[in-house]
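One letter stands for each residue in the lines below.
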Amino acid sequence: LPADAYILTEPPPIGGCRIPVAVTLEPAHVPQSVVDDLLDWIAEATDYDVADARANPPDITFCSVGDVIPYETDHVLVNDTLSGAYDLPNRRIILVRPWDPDDIRDRSVLLHELIHHVQLGNRDYACIEAPEWEAYKLQEAYLDEHGIASGFDWLQIYFQAQCPRTIHP
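As the structure is a computational prediction, the values presented were derived from the model and not from experiment.

A.B. asks: Looking at this model, I keep getting lost on helix α3 (residues 104-122). Mind explaining?
C.D. replies: For α3, which comprises 19 residues, the first-to-last C-alpha distance of 26 Å matches the rise-based estimate of 27 Å (1.5 Å per residue) to within 8%. Judged by how many residues are buried, α3 sits mostly within the fold: 14 of 19 residues are covered. Measuring from the side-chain oxygen of the N-cap residue of α3 to the backbone nitrogen of R105 gives 3.0 Å; that N-cap residue is D103.

So, in structure tokens, the structure goes:
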């Protein structure tokens, strides 16, 4: 999730507006051939074993900007900086609409979340943020192969990929 994601443990009232309510995520209709192509790409670009991801793929769902979605043990208000997320405990990829399987940038979002699914099935990490750097580097390589500049903010990604530190006085 982006650093500016609004995580809600209890959806609060916002001013005089209605209380945000968690939506039910809609199953995505992503062609299996797209998922297979992206898993093939991950297998070729990394040393990860994608066999489990093929045999037991994550659920893929859609949401929209403005939705409050269940994510791990909390709820997240989907803002315009979120394009996708991987919910590890629920083995679920969440894609933000609009999403088009024929658009390379949109495919790269699904690729990024599939990378997390594969990473976390193959390796242990010190914290949930640690796999982000590699996922973004692989997403950038995929975009580069298709002649598209990522435009990623690498400084922001660097900080996003750091494990939280406990600071003692």
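That was the structure; now back to the text.
A.B. asks: Please clarify how the environment of A28 should be interpreted in this entry.
C.D. replies: Residue placement: A28 occurs in the loop between β2 (26-27) and α1 (32-45). In this structure, the C-alpha to C-alpha distance between A28 and C63, residues 35 residues apart in sequence, is 9.2 Å. Aside from chain neighbours lying at most four places away, what touches A28 is I60, T61 and F62.

A.B. asks: Help me understand the pattern of salt bridges, please; the structure alone is not making it clear to me.
C.D. replies: Opposite charge on two side chains makes pairing possible when the charged atoms of those side chains draw close. The final tally for this structure, using the stated rule, is 4 salt bridges. Across the pair D47 and R123 runs a salt bridge, and its minimum N-O distance is 3.7 Å. Residue D47 is found in the loop between α1 and α2 (51-55), and its partner R123 is found in the loop between α3 and α4 (132-145); the two are separated by 76 residues along the sequence. Using a relative accessible area of 36% as the deciding quantity, one classes R123 as partly exposed. The partner of D87 in a salt bridge is R92, with the nearest N and O atoms 2.7 Å apart. Each member of the pair, D87 together with R92, is buried.

A.B. asks: What am I meant to see in the state of the cysteines here?
C.D. replies: By definition, a disulfide is the covalent link that joins the sulfur atoms of two cysteine residues. Applying the stated rule across the entire model yields 1 disulfide. C127 shares a disulfide with C163; S-S distance 2.0 Å. As the torsion about the S-S bond is roughly -90°, the C127-C163 disulfide counts as left-handed. With C127 in the loop between α3 and α4 and C163 in the segment after α5 (154-160), the pair connects residues that are 36 residues apart, well separated along the chain.

A.B. asks: How should the nonpolar core be read in this particular structure?
C.D. replies: Inside soluble globular proteins, nonpolar side chains tend to come together where they are buried. Ranked by size, the top nonpolar core spans 26 residues in total, and within it V30, I42, I60, L95, L110 and L114 carry the most contacts. Looking at this core, the elements with two or more residues in it are α1, β3 (59-63), β7 (92-96), α3 and α4. With 10 residues, the next largest nonpolar core counts L25, V78, L82 and I94 among its residues.

A.B. asks: Would you take a moment to explain a nonpolar patch on the surface for this structure?
C.D. replies: A cluster of nonpolar side chains, contributed by W133, L155, Y158 and F159, occupies part of the molecular surface with about 440 Å² of accessible area. No other element matches α5, which puts 3 residues into the nonpolar patch. With respect to the helices and strands, Y158 occurs in helix α5.

A.B. asks: What am I meant to see in the packing of α1 against α3 here?
C.D. replies: The description of two packed helices rests on the angle between their axes and on the distance between the axes. Look at α1 against α3: their axes get within 10 Å of each other, and the N-to-C directions meet at 60°. Taken together, α1 and α3 sit at an angle that is classed as oblique. Our pair here, α1 against α3, has a crossing hand that is right-handed. Along the contact surface, α1 presents V34, V35, D37, L38, L39, W41 and I42, while α3 presents R107, L110, L111, L114, I115 and V118. Partitioning the contact of α1 with α3 into residue classes produces 11 nonpolar, no polar and 2 charged.

Rules used in this analysis
- Residues numbered from 1 in each chain as written.
- Predicted model: local features only at pLDDT ≥ 70, side-chain atom pairs only at ≥ 80, totals over all residues.
- Heavy atoms only, no water.
- Helix = DSSP H or I, 4+ residues; strand = E, 2+ residues; numbered from the N terminus.
- Expected span 1.5 Å × (residues − 1).
- Buried < 20%, exposed > 50% of the residue type's maximum accessible area, 1.4 Å probe, protein only.
- Polar contact = N/O pair within 3.5 Å; in protein donor to acceptor, adjacent residues only side chain to side chain.
- Contact = heavy atoms within 4.5 Å.
- Salt bridge = Lys/Arg side-chain N within 4 Å of Asp/Glu carboxyl O.
- Disulfide = S-S within 2.5 Å.
- Core = buried A, V, L, I, M, F, W, Y, C linked by side-chain atoms within 4.5 Å.
- Patch = residues over 30% accessible without salt bridge, like charges linked within 9 Å, V, L, I, M, F, W, Y side chains within 5 Å.
- Areas by Shrake-Rupley, 256 points an atom, 1.4 Å probe, with all protein chains shown as cover.
- Axes fitted to C-alpha atoms, helices over the stretch in contact; angles between N-to-C directions.
- Parallel < 35°, antiparallel > 145°, perpendicular 65-115°, else oblique.
- Left-handed = near helix turned anticlockwise from the far one by under 90°.
- Nonpolar A, V, L, I, M, F, W, Y, C, P; charged D, E, K, R; others polar.

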